[in-house]
Amino acid sequence: MRAAAADRTQTPSTIYLMCAAAWFLPGAGHLWLGRRQKGLVFLVSLTLMFAFGLWLEGRLFPFEISQPLVALAAIADVGIGLPYFVAKAIGVGAGRVVAITYEYGNTFVIAAGLLNMLVVLDVFDIAKGRK
Amino acid sequence: MTSHFGLMVIFSLFVSVVFSVLSRDDPKEQIMFGARLFGGFVGTGILIGWLLYPLPL
């Protein structure tokens with residue numbers, strides 16, 4: 001499973017670039033490191049999870065510092081990277097509070113973002129040679 | 001599919017897949033660990049659901 005890119009010692013700038021790529025496109029960091037199976041699984045599952053949350057009428061929270069929990073949810077939302085910006089650009093993610101699935105949708109969207117942050121940390125560890 | 005149970009199962013599936021692939025390298029181990037995680041999530045969800053059942057909320 002271990003690929004050549006993962007075994008090589010990476011320069012700090014390359015490591016941070018890999019982390020940025022991993023954040024921006026779920027699975028991209030693992031693909032870069034040659035871990036194709038993991039990268040593809042993350043790309044498909046996290047993107048699907050995020051889309052599923054939006055389909056359940058979940059909301060993409062705004063950055064409101066006056067409401068700390070909303071701001072934290074917004075940070076978690078952005079954790080998914082490109083799908084977040086695509087959703088914003090096409091105008092989905094307004095959320096419908098009265099929908100039965102609203103809270104479920106939020107849970108899917110937030111969890112997808114947080115899981116992608118874990119994936120970024122995994123990329124960092126692999127690139128550093130810790131895994 | 002949008003029942004509480006159905007959504008819990010789908011959520012558990014996504015989280016189990018990501019966690020198992022993150023924490024295991026061998027595909028066979030990933031499947032075993034993912035299945036155990038998935039079963040744990042769903043089983044715990046059902047158990048907590050029944051434990052909360054008598055509460056007057």
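In the predicted model, chain B carries a mean pLDDT of 93, and the fraction of residues at 70 or more is 96%. Predicted complex, confidence summary: ipTM 0.88, pTM 0.91.

Residue and element names in this part refer to chain B. Interhelical geometry of helix 1 (residues 4-23) versus helix 2 (residues 27-52) gives an angle of 145 degrees and a closest axis separation of 8 Å. Relative to helix 2, helix 1 is oriented so that their crossing is right-handed. In this structure, helix 1 uses Met8, Val9, Ser12, Leu13, Val15, Ser16, Val17, Phe19, Ser20, Val21 and Ser23 to contact helix 2, whose residues at the interface are Gln30, Phe33, Gly34, Leu37, Phe38, Phe41, Val42 and Gly45. In terms of residue class, the contact of helix 1 with helix 2 is made up of twelve nonpolar, seven polar and no charged.

For helix 4 (residues 36-55) of chain A, with 20 residues, the first-to-last C-alpha span of 28 Å sits near the 28 Å given by 1.5 Å per residue. When we look at burial in helix 4 of chain A, the residues that qualify are A:Lys38, A:Gly39, A:Val41, A:Phe42, A:Ser45, A:Leu46, A:Thr47, A:Met49, A:Phe50, A:Gly53 and A:Leu54. Buried positions along helix 4 of chain A lie against helix 3 (28-32), helix 6 (82-89) and helix 7 (102-128) of chain A together with helix 1 of chain B. The positive-phi residue at the C-terminal boundary of helix 4 of chain A is A:Glu57, with phi of around 70 degrees.

This next bit is on the interface of chain A and chain B. Facing 17 residues of chain A, the contacting portion of chain B comprises twelve residues. Mapped onto the side of chain A that touches chain B, the elements with two or more residues apiece are helix 4 and helix 7 of chain A. Considering every element that reaches the side of chain A that touches chain B, the biggest residue donor is helix 7 of chain A, with eight residues. Tallied by class, the residues present in the side of chain A that touches chain B amount to eleven nonpolar, four polar and two charged.

Another aspect to go through is the nonpolar core. Nonpolar side chains in soluble globular proteins tend to be buried together. One finds A:Leu46, A:Phe108, A:Ala112, A:Val123 and B:Val18 to be the most contacted residues of the largest nonpolar core, which totals 40 residues. Those elements giving two or more residues to this core turn out to be helix 2 (12-24), helix 3, helix 4, helix 5 (68-78) and helix 7 of chain A together with helix 1 of chain B. By residue number, the principal contributor to this core is helix 7 of chain A, which donates twelve residues. Leaving out residues up to four positions away in the same chain, A:Leu46 has contacts with A:Pro26, A:Ile80, A:Ala112, A:Leu115, A:Asn116 and B:Val18.

Reading the values: the criteria
- Residues numbered from 1 in each chain as written.
- Chains lettered and ligands numbered in written order.
- Predicted model: local features only at pLDDT ≥ 70, side-chain atom pairs only at ≥ 80, totals over all residues.
- pLDDT = per-residue confidence, 0-100.
- Axes fitted to C-alpha atoms, helices over the stretch in contact; angles between N-to-C directions.
- Helix = DSSP H or I, 4+ residues; strand = E, 2+ residues; numbered from the N terminus.
- Left-handed = near helix turned anticlockwise from the far one by under 90°.
- Contact = placed C-beta atoms within 7 Å.
- Nonpolar A, V, L, I, M, F, W, Y, C, P; charged D, E, K, R; others polar.
- Expected span 1.5 Å × (residues − 1).
- Buried ≥ 20, exposed ≤ 12 C-beta atoms within 10 Å, placed from the backbone.
- Core = buried A, V, L, I, M, F, W, Y, C linked by C-beta atoms within 7 Å.

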